[in-house]
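Structural features, examined
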Amino acid sequence: MADPRGFLKHARADAPKRSVDERLGDWHEVYAALSPADRKAETATQAARCMDCGIPFCHSGSAGCPLGNLIPEWNNMVRRGQWQDASERLHATNNFPEFTGKLCPAPCEAGCVLAISPAAGGAVAIKRVEETIAEVSWDNEYVTAQVTEAHTGKRVAVVGSGPGGLAAAQQLTRAGHEVTVYERDDRIGGLLRYGIPEFKMEKSVLDRRLAQMRAEGTRFITGCEVGVDLTVEELRAGYDAVVLAVGALRGRDDATIPGRDLKGVHLAMEHLVPANKECEGDGPTPISAQGKHVIILGGGDTGADCYGTATRQGALSVTQLDNYPQPPTSRDDDRSPWPTWPYILRTYPAHEEAGERKFAVAIESFVGDDEGNVRAVRLREVKVQRDAEGRRQVVPVSDEVQELPCDLALLAIGFAGVEPMRLLDGLGIELTKRGTIGCGSSWETTAPGVFVCGDAHRGASLVVWAIAEGRSVANAVDAHLTGESRLPSPVHPTALPLAV
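Since we're looking at a predicted model, the values are computed, not measured.

1. Section: the overall build of the protein
Each helix and strand in the protein was counted, giving 17 helices and 14 strands. Taken over the C-alpha trace, the protein has a radius of gyration of 23 Å; the compact-globule value for 500 residues is 23 Å, and the two agree within 12%. Counting only C-alpha atoms and orienting by the principal axes, one finds that the protein spans roughly 70 × 65 × 50 Å. Expressed as a percentage of the 500 residues in the protein, the buried residues total 51%. Of all intrachain contacts in the protein linking residues separated by at least 6 positions in sequence, the fraction that spans at least 24 positions is 69%.

As structure tokens, this is what we get:
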């Protein structure tokens, strides 16, 4: 059993980071490299803080991990030094723990019983334990190709190669189906490849997992836009089932801001994608922050990704703007009681490196020079409220206008759903009011034999939810093709995280 007093003996300790000067000089991940022995020892100490609660909310599907990761089990195995056993238990519920260990914001930690009171010293460092198990698994070759000998003769096309599509593909390949993943970009990975900066997850981490999938039999085709390069008729004729994992990449814009059409004002992904391509060796990005004053509108993950990218490119200054007031640094039990996802100030490593954040402000206008380039932004203090019909409104609260220099403005204000594509038109699929692809209880869309998962179904969400939906849709497709399925199905299409 676990040590019920472990959290009293050991303080929470997150993984150490490299110095700011060092990490701003390269694109490597921000965390410091530890010797294998030190990494195991420190992680085992953190795992020892887990009490193996009678009701472990950390892997509750609504309050914690939607994958149902068996967190207390592998925490105790790590505490005892049983790393291979821990790897098996972790991979039993999660195809890609190295992705979630590096990228997931860890709703499991928000649901940890030790997060109820600050007196407990904080949640177990679950994310750190997970990431370490994954890395130890690769280092010791616990991760191997799982090649099935039983083949069904059924063919499945997965459209899109983000975490949801990859999870569905791996599960279906292991179930004995012939799976082909189609990706319109030149490389596999979706947002894992071109949306997530190198300093958050080096792409070698993605490539080694893709090598495992290829060894298992999954086939990948890049540079192919399904519905154009491969017609809908060819898709239907060549496959017994189709999984749509096309993401929700339609960036939210705000054309109402005066000066939005100035040169130097871009959506966030217009900055992040070529920056990642440069890290892949594809040549200099056409939208660099080098020598520029950068303004980022949007306080979420994508904004922080732009923030860290701009500082590494050599920006003169970086300022991130948020319409909302600065959140509290600790959970407000009246606003977001445990075990809901807490409303708190989230500080990313990029925020420790340079620049500043401004809260409760909005861009009144972009100011241009004589050549049509943005040169400044004008800000107003604002408050966010809802009108009588519940629509969000950003209302100025002061007549004072602040002007900041700006040579590059990045709009990181979220995503509006699935991009228009001929594939959906050809399949006769209409988007929901939220801009997503709807489905029934079996993950099947209105097009027979066509299923959906990930952000395309849920809207822009967490990597852990994408993987959970990918695993679940694999169960549905397997049952559709064979009459039944033993594949796990961790979430229902209507599942939602616990929030207030």
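Picking up where we left off.
2. Digging into the layout of surface pockets
If you add up the space inside the second largest pocket, you get close to 250 Å³. Forming the boundary of the second largest pocket are 17 residues, of which Ser87, His91, Tyr142, Gln146 and Arg174 lie nearest the centre. When residues of the lining of the second largest pocket are assigned to their parent elements, the largest contribution, 4 residues, is made by helix H5 (residues 83-91). Viewed by domain, the lining of the second largest pocket spans two of them, domain 1 (6-140) and domain 2 (155-249 + 416-482), each represented by three or more residues.

3. What about the sheet that holds strand S1 (residues 155-159)?
On the basis of which strands lie adjacent, the open sheet formed by 5 strands has the order S3-S2-S1-S4-S14 and parallel pairing. One side of each edge strand has no neighbouring strand; the edge strands of this open sheet are strand S3 (219-221) and strand S14 (450-452). Going across the sheet, the axis of each strand differs from the next one's by a mean of 20°, ignoring polarity. Running over the sheet, helix H9 (residues 163-174) touches S1, strand S2 (178-182), S3 and strand S4 (241-244) and is turned about 165° from S2.

4. Considerations on the UniProt feature "domain: FAD/NAD(P)-binding" (unreviewed entry) in the protein
Cross-referencing UniProt, the feature "domain: FAD/NAD(P)-binding" (unreviewed entry) maps to residues 155-470 in the present numbering. Along residues 155-470 one finds 25% helix and 23% strand; the C-alpha atoms at either end are 17 Å apart.

5. A short note on the pairing of strand S7 (residues 317-322)
Of all the 6 residues making up S7, 5 are buried; the element is thus mostly covered by neighbouring parts of the structure. With 5 bridges connecting them, strand S6 (residues 293-297) and S7 associate as parallel partners. Paired with His293 across the strands is Ser317, a residue of S7. Across 4 bridges, the pairing between S7 and strand S8 (residues 356-359) is parallel. Looking across to S8, one finds that Thr319 is bridged to Glu356.

6. Re unusual backbone geometry
Cis geometry marks the peptide bond from Trp338 to Pro339, where omega comes out at 5°. By secondary structure assignment, the location of Pro339 is in the loop between S7 and S8. In this structure, Ala106 takes a positive phi of about 70° despite not being glycine. Position of Ala106 among the secondary structure elements: in the loop between helix H6 (97-103) and helix H7 (107-110). Look at Ala360: it is not a glycine, yet its phi comes out positive at around 55°. Here Ala360 shows up in the loop between S8 and strand S9 (361-368).

7. Describing the sheet that holds strand S5 (residues 265-267)
Spatial strand order, S5-S13-S6-S7-S8: 5 strands in an open sheet with parallel pairing. One side of each edge strand has no neighbouring strand; the edge strands of this open sheet are S5 and S8. Direction aside, neighbouring strands of the sheet carry axes that sit 20° apart on average. Summarising the sheet, S6 and strand S13 (residues 408-411) pair through 4 bridges and their orientation is parallel. Its bridge partner lying in S13, Leu297 is registered against Leu411. Against the sheet, helix H13 (residues 268-279) touches S5 and S13, its axis set at about 75° to S5. Seen against the sheet, helix H14 (residues 301-312) touches S6, S7, S8 and S13 and runs at an angle of roughly 170° to S7.

8. Considering the side chain of Gln46
Examined against the element boundaries, Gln46 turns out to sit in helix H3 (residues 36-47). Not counting the four nearest positions on each side in its chain, Gln46 is found in contact with Ala11, Arg12, Ala13, Val124, Ala125, Arg128 and Val129.

9. Concerning the UniProt feature "domain: Dihydroprymidine dehydrogenase" (unreviewed entry) in the protein
Under the UniProt annotation, the feature "domain: Dihydroprymidine dehydrogenase" (unreviewed entry) is placed at residues 39-140. Helix makes up 51% of residues 39-140 and strand 0%. Its end C-alpha atoms lie 14 Å apart.

Definitions and limits used
- Residues numbered from 1 in each chain as written.
- Predicted model: local features only at pLDDT ≥ 70, side-chain atom pairs only at ≥ 80, totals over all residues.
- Heavy atoms only, no water.
- Helix = DSSP H or I, 4+ residues; strand = E, 2+ residues; numbered from the N terminus.
- Rg over C-alpha atoms; globule rule 2.2 N^0.38 Å.
- Buried < 20%, exposed > 50% of the residue type's maximum accessible area, 1.4 Å probe, protein only.
- Contact = heavy atoms within 4.5 Å.
- 1 Å grid on protein atoms, 1.4 Å probe; cavity = no way out; pocket = protein on both sides within 12 Å on 5 of 7 lines; lining within 4 Å.
- Points joined across faces, edges and corners; volume = space filled by probe spheres on them.
- Domains from an automatic or database assignment.
- Pairing = 2+ DSSP bridges.
- Axes fitted to C-alpha atoms, helices over the stretch in contact; angles between N-to-C directions.
- UniProt positions renumbered as here; feature names shortened; annotations may be inferred.

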